[in-house]
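As a plain string of letters, each chain reads:
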Amino acid sequence: MLSKKHSKSILQAGGLSACLCFIDFFSLNAQRSALNITANCCQVVTVNDGQLFLESVPVLITKLNTQDKKLLESCCLTFSRLVEQLKGSPHLLMELCKDGLITNLQQLLLVSSPSVMTSNVFTMILRILSTVFQHRTSLATEFIKQDASGTIRSLLLGNKTPVDNPTLIHRSSSELFEILCLCAELLPQLPKYGVFSVDTMISGIEEDKHRQWYYKDPGTESWQPFSKPDNKSINNGCGAGESDIQLTLKLGTTPNTEYTVDLSTMKMENEETGEMINLTSSRKRALMTDLLHGKEKEREDCRLTLLNEEPALYDELCETMLLLLFEVYRTSATPNVKYQCLHCLLRIIYHSRADTIRTMSETLPLSSTVAGMLTSQDSRLVVYGLQLSEILMKKQPTVFAVCFKREGVMHAVKKILTETASPAIPGRSNIESRGMASPPSRGLSHTAILPPLELEPRTTRARSKAGESSSSALPGAEGDSSLSRRLENAWKRRKKPTPLKKSYKGKLGNCPSPPSCASGMSTPTKDDLQQWVRHQADKFCQKYLVEDTEGGAALDILTKAVFQLSCVTETSDAELPLKQIKSLLQGDTCNGNLSSFELLHAGLVETLLKFLTPQPSDRETDVLQRVSKLLEVFAFNENNDFDPAPFSSLFHKVQQCLSQIEHFPVKVTEGSADSLSKVATTYQIKCLFRRHTDNSSSSLRQWGAGTVKVDPLAYVQALERYLLSRGYCREEEEEEEGDSSGDASEDEERIVSRQQNSPSKHRLTLTINNHPLPYNMTMYQAIKRYGTHTRLDDDAHPASHSAVWHNIHTIVYKTYESSDRVRSSAVKSAEDDPPPSSLLEKLGSAPPLLLEGYKGIGVIQLLHILHTISHEWILLLKTDDYNHPILNKELLVNKQIAAKAERQLQDPLVIMTAEYPKWFTPLPYYTPFLFPFDVRLELLHATSFDRDRALQRLLELHPELGTSSENRSGIRLDKDKRCVDRDSVFEQGKVIMNELASSISLLEVYYVGEVGTGLGPTLEFYTLLSQAFQETVFGMWRECGTYEIGEKIYTTAPLGLYPRAVSQTESPALKSLCDNFMFLGRVIGKAIIDNRILDINLSEPFYRWLLGTHEKMGLVTIKDIDEVLHSSLKQIEVFALRKDAILKRVDISEEERTELISQITDDDGGTLEDYCLDFILPGSDVELSPGGRNTALTIHNVEDYLCAVVNFTLKEGVRKQMEAVRTGFSSVMPLSNLQLFYANEMKILLCGTAEEKWSEEDLKTAIQPDHGYNSQSSAVLFLIQVMSALSGEEQRSFLRFVTGCPKLPVGGFRALHPRFTVVKKSVDGSPDDYLPSVMTCVNYLKLPDYSTAERLREKLLTAVQEGQNSFHLS
């Protein structure tokens, strides 16, 4: 486009006015082009071009109200570029915003539909506002007065209504970061001195990693920026201590040319001409400007003025933001989001009054949050923790002196000093114990660490000696090597390190320049940051640490109670210490509630673990008695009434302990590498093929080429196909004349093929270090597992494994033999061992071995035990008076760990390589309750299936990760298309599932005589199968009722379907029945793995069988499948209970006991004989015992009867059927994968969202208008009105018409992929005469522009009724 190349000329010629003057009269496409031109021209706007664009600003502001997605994006891009170019001119910023730009952007954030405003536009608007407020604080104050509090609540909660317990709506990491930037700019800035002087150092360290480099163009003599990939290459080279790097550049009109960049002199040499080109960086130029012109004097901050003049307004804003910021911090795992969140908190707390801080401490966990930050392995979090500690102590020393001791802040600060004061070991950082270890040095000694920094105003730092440095490194700073690595490279090159530059007087005072091969300027080092941390911790202890600080009484009482509990030998002796602990947890004793630090410090976790788990010296009943005693104290009050509050309080406190001490790592790809295209093109593995020396087959040719670049995500079978296609393995009878065709013509040829289906017959075996490679293992996994002798950190990010990417890996190929068969599972799922069934097994179940070494492993085990007790307590107390767990569902989830798992599931590189942190898979399988259902569902898709399915799921949830080079980045799901006759769906479906049980291909169905294919017909296939399983002709289910459709009769069960109990004696009928149930198991497994929905109402006891937790089902479970039978059995149970009460009496003789038992009656005076029952299963002719027909039910065998009916109905009578279901499921995927879920969640997993009324608000956010419609179109509003009034059955019919399935997936309309889209249907004549049509494959509804809502409803229901059971062109 001309506007990209000649934007400055168009701008100076008045092109903006010409494009926008009559834009309202243009067609939609012309308007889009006009705004694209405007956006391109605004890239080159300068402060001298004010008159060229200011007159067009009012027109652009009106376009912010458009309902067209592309127009809005271009308009916001225009303003974004204007603000970026003009931010240095406060006057022009005011001119730009005077016509209501801020108000319009604020309204746009609040009212725009997601179908109009994309995530990119949303973040762009937030960035515009934060940039404007940063450089023009008077506009920030105006924004605050326009209900900024309500805007922030709406952005994070979805509405403006204040709430005490906020629940954040889902936002991506980039959206959250920009919202936090906006929040920060509404508050006055922090000072640059005192405890905040370190902020300048941190910004310098971060800037080093993302420094922008420029080269001096020989033709124009101007500084031009390097492209992002080249810029990253230079920064990586500097960080790794390289002497030079090679770049291929196209400067000006010259063709691509090889250049060598000397990283010590920062000059670039043309390899062909020898011409030298100078390089510089943005940081160097900025520092030189500071040196020459000095620091710019800060202007008056209007936000600070508003704070002093209207404190009530600011208090409201701060109160709103504080509550939300704590929730954001607790539920976010992205480092930049957490840092920005803490920066906002610092601004709020620093500028708040002392009484406001005191109020904050009563409602928010300030002290425990600070304690968690100080124990973190992230240095920046430690810095923020020390800053917050200092501010809070200055504001309220009396309050926080006590809180900091009880919450462990003081302990954490002392621990910092203890760990950093240990003697330095050569080659090892003196803070390694806090997770900041650096690689050992190789033959080079390190000098002493620099003395502590004094970063107060007007203080200086002592100059270091030449050559002094440090080896510590910030954790997680991928791509930055330690000093030992740089010195080692320098030693290899026999070059002396660059001498220190002279000190310069900058923001940090007179700071010495550390050696740097790249910048030529002084840069703060990471060791400086660690020195500041130690120095600040020392100052804090000297000022505030008082050993006799009050607040230890509760801890003393708790410690004594814990000690008493640990010493008990008889269960009855445990009651007193347990009651003391209960009283402390509920805050009934001194100093209020116990803190998580006090619980850990007193040893409560270890003691309770010992108390509640089986010990070697225990009898079988000992641990059950101890658990019963815990329930007696914590689940019942003094009057023996059920009271779950103390038990919930105990669980909540242990959860808090876990949140404070856990440091589970998250592997996050840096920066823009989150896009799949960047991942796929950045990392390559260098391989060299070799023929096996012992392979004498003449069909194998020796490798004659050089190294080959292999896609790290390529499967091993792709390499086999590559070698076969090049002729390195031929059949014996093949001609020799094509020998030369197999040689690679160039070195480092690239292999990118990643087809999934294995060849019908393998012909080659590939090995690394004598290890045969599984064919569907990725090359990255193969190299990491077998190809390197260097230990790789399993918790490090894949990009940091330099040995994988830099070394050349030898792959040996030989002729395939049957003995070479290896397990082909590339991703190891959960262990296939059955889950623990008995209570004792669950209590004694230890955490997985992969969790060993992580902090908090004991806390996790205790949570597992408490959750088990919560679910099994009814069986333990042998009562069915309470049919629910003790703990509420909302209390179980640990939001902090769940946020880490959710963030990990958003990293494409980790998903593609399947290199998750060690904790990531075993922890959710051991403690699923810690994670919400949707996180566990995504975990199942990411870790249990093949990589391509995981990537497809990731792109569905985060489409912004998909790019134009998506076909390069990995998704090649093979589809197996099958044609099905609607009249024989059940029979043909059984054949299809038998054939595809072990296939990883995606099943796609179309029907005989119909042209439709794809997602819609496939979803309907599963719907038809679900319905066919319920036909009474198969006799699979207990019948609670029937209904007819045409000539077929179907079983209905309001409580859910459960297999019909039948005799388990081998017979053709039983075999046929089990075959059908095995078919059902395969369908369930295939539906889960293909992410399809079933329309079959299975009962919870059915799912308990599937999960292997069925053995504990009893009489109370009958209520979940048949209420009538349960009521009858409860009446009979009355006789058994009354008989048991008589048997327990000790005040009567045996004759009296026998007489009383024979006189037992029910409430109506009837005896058991009056029921006329025998030992036959109710509702069938199956005998419950040998000779059951002749065995009458009497008072003497009533217990046997109840046990036999329950056992046969729930277990023995359905055992073979349910085992067939499990066998069928296992043929598709391991049953162990389902251990992530509970029985009451399986229905959601298989059948999607429960049916509920559709609200207009939900429909507005879910429907995406397009191609002629927008969110304000009358037809779209009519559709929303009609859909919200549909009945339950009408909803099912509508969904089946639009999507092919009568149910929505988990998440409702928003979870549909593709999104539910409504487009305008073009018709000839009146739209009221036409019916709507659909494209089920893409969830498209083609809707005519009806005149009224009544007409739309009439035509829509007609189309729904007539459009069922067929797929034709519309």
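Look up a bit, the structure's there.
J.: Is there a simple way to think about the pairing of strand S15 (residues 975–980) in this case?
T.: In the case of a regular strand, side chains alternate between the two sheet surfaces. Alignment of S15 against strand S16 (residues 1002–1007), held across six bridges, turns out to be parallel. Note on S16: the bridge partner recorded for Arg 978 is Val 1005. Between S15 and its parallel partner S16, the chain crosses via helix H46 (residues 985–996), and the hand of that crossover is right-handed.

J.: What should I look at first to understand helix H48 (residues 1068–1089) in this one?
T.: Every α-helix winds through 3.6 residues per turn, so residues three or four apart in the chain are directed the same way. Taking 1.5 Å of rise per residue, the 22 residues of H48 would be expected to cover 32 Å, and the 32 Å separating its terminal C-alpha atoms lies within 8% of that figure. A large share of H48 lies buried, amounting to 16 of its 22 residues. In the stretch just after H48, Asn 1091 is the one whose phi turns positive, near 60 degrees.

J.: Even after reading the chapter, I still don't get the packing of aromatic side chains, so can you show me in this structure?
T.: The geometry of an aromatic ring pair is captured by the separation of the ring centres together with the interplanar angle, meaning the angle of the planes. Enumeration according to the criterion identifies 33 aromatic pairs in this entry. Arranged with centres 6.4 Å apart and planes meeting at 35 degrees, the rings of Tyr 339 and Tyr 384 form a pair that is tilted. Separated by 45 residues along the polypeptide, Tyr 339 in helix H19 (residues 335–350) and Tyr 384 in helix H22 (residues 379–395) bring together distant segments of the chain. For the pair formed by Tyr 339 and Tyr 384, the shared burial category is buried. Taken together, the ring pairs connect Phe 664, Tyr 854, Tyr 916, Trp 919 and Phe 920 into an aromatic cluster. Positioned above the aromatic ring of Tyr 329 is the side chain of Lys 338, whose terminal nitrogen or guanidinium carbon lies 4.0 Å from the ring centre. One cation-aromatic arrangement involves Arg 380 over Tyr 339; the distance from NZ or CZ to the ring centre is 4.1 Å.

J.: I keep staring at the sheet that holds strand S19 (residues 1264–1266) and nothing clicks. Help me out?
T.: In a beta sheet, neighbouring strands pair by backbone hydrogen bonds and run either parallel or antiparallel. The sheet built from four strands is open, its strands ordered S19-S20-S22-S21 with mixed pairing. What marks the edges here is a single partner per strand, and that holds for S19 and strand S21 (1333–1335). Between one strand and the next, the sheet's axes are offset by a mean angle of 25 degrees, whatever the strand orientation.

J.: I tried to follow the nonpolar core on my own but got confused; where do I start?
T.: Here is a general trend for soluble globular proteins: nonpolar side chains tend to be buried in one another's company. Within the largest apolar cluster, 166 residues are counted, with the highest numbers of intra-cluster contacts made by Trp 919, Phe 1021, Ile 1088 and Phe 1102. No other element matches the 11 residues that H48 contributes to this core. Non-local contacts of Trp 919, meaning those with residues more than four positions away in its chain, are made with Phe 664, Pro 665, Leu 851, Tyr 854, Ile 897, Lys 900, Ala 901, Pro 924 and Phe 931. Ranked by size, the runner-up nonpolar core spans 121 residues in total, among them Phe 53, Cys 76, Ile 144 and Met 373.

J.: Just checking my understanding: could you explain the packing of H19 against H22 for this structure?
T.: In a packed pair of helices, the relevant descriptors are the angle between the two axes and the axis-to-axis distance. For the pair H19 and H22, interaxial distance at closest approach is 10 Å and the crossing angle is 15 degrees. Considering the angle they form, H19 stands roughly parallel to H22. With respect to the hand of their crossing, H19 and H22 are arranged in left-handed fashion. Across the interface between the two elements, Tyr 339, Leu 342, His 343, Leu 346, Ile 349 and Tyr 350 of H19 pack against Arg 380, Leu 381, Tyr 384, Gln 387, Leu 388, Ile 391, Leu 392 and Lys 395 of H22.

J.: Please clarify how a nonpolar patch on the surface should be interpreted in this entry.
T.: There is a patch of nonpolar side chains on the surface, built from Phe 22, Phe 25 and Phe 26 and spanning about 370 Å² of accessible area. With respect to the helices, strands and loops of the structure, Phe 22 is situated in the loop between helix H3 (15–20) and helix H4 (28–41).

J.: Got a minute to help me understand helix H43 (residues 933–943) in this structure?
T.: Of all the 11 residues making up H43, 10 are buried; the element is thus mostly covered by neighbouring parts of the structure. Residues of H43 that are buried include every one of Phe 933, Val 935, Arg 936, Leu 937, Glu 938, Leu 939, Leu 940, His 941, Ala 942 and Thr 943, and no others. Among the structural elements, helix H40 (895–904), helix H42 (922–926), helix H44 (947–957), H48 and helix H55 (1239–1247) are those in contact with the buried residues of H43.

J.: What is the right way to read the pattern of salt bridges from this model?
T.: For side chains bearing opposite charge, pairing can occur when the charged atoms are close. The final tally for this structure, using the stated rule, is 46 salt bridges. Arg 982 serves as the salt-bridge partner of Glu 1020, at 2.7 Å between the closest nitrogen and oxygen. In this pair, Glu 1020 is assigned in helix H47 (residues 1015–1028) and Arg 982 in the loop between S15 and H46, connecting sequence segments 38 residues apart. Owing to a relative accessible area of 2%, Glu 1020 belongs among the buried residues under this scheme. One network of salt bridges, in which partners are shared, links Glu 575, Lys 579, Lys 629 and Glu 632.

Cut-offs used in this document
- Residues numbered from 1 in each chain as written.
- Predicted model: local features only at pLDDT ≥ 70, side-chain atom pairs only at ≥ 80, totals over all residues.
- Heavy atoms only, no water.
- Pairing = 2+ DSSP bridges.
- Helix = DSSP H or I, 4+ residues; strand = E, 2+ residues; numbered from the N terminus.
- Right-handed = clockwise from strand over helix to strand, strands pointing away.
- Expected span 1.5 Å × (residues − 1).
- Buried < 20%, exposed > 50% of the residue type's maximum accessible area, 1.4 Å probe, protein only.
- Phe/Tyr/Trp six-rings, centres within 6.5 Å; stacked < 30°, edge-to-face > 60°.
- Lys NZ or Arg CZ within 6 Å of the ring centre and 35° of its normal.
- Axes fitted to C-alpha atoms, helices over the stretch in contact; angles between N-to-C directions.
- Core = buried A, V, L, I, M, F, W, Y, C linked by side-chain atoms within 4.5 Å.
- Contact = heavy atoms within 4.5 Å.
- Parallel < 35°, antiparallel > 145°, perpendicular 65-115°, else oblique.
- Left-handed = near helix turned anticlockwise from the far one by under 90°.
- Patch = residues over 30% accessible without salt bridge, like charges linked within 9 Å, V, L, I, M, F, W, Y side chains within 5 Å.
- Areas by Shrake-Rupley, 256 points an atom, 1.4 Å probe, with all protein chains shown as cover.
- Salt bridge = Lys/Arg side-chain N within 4 Å of Asp/Glu carboxyl O.

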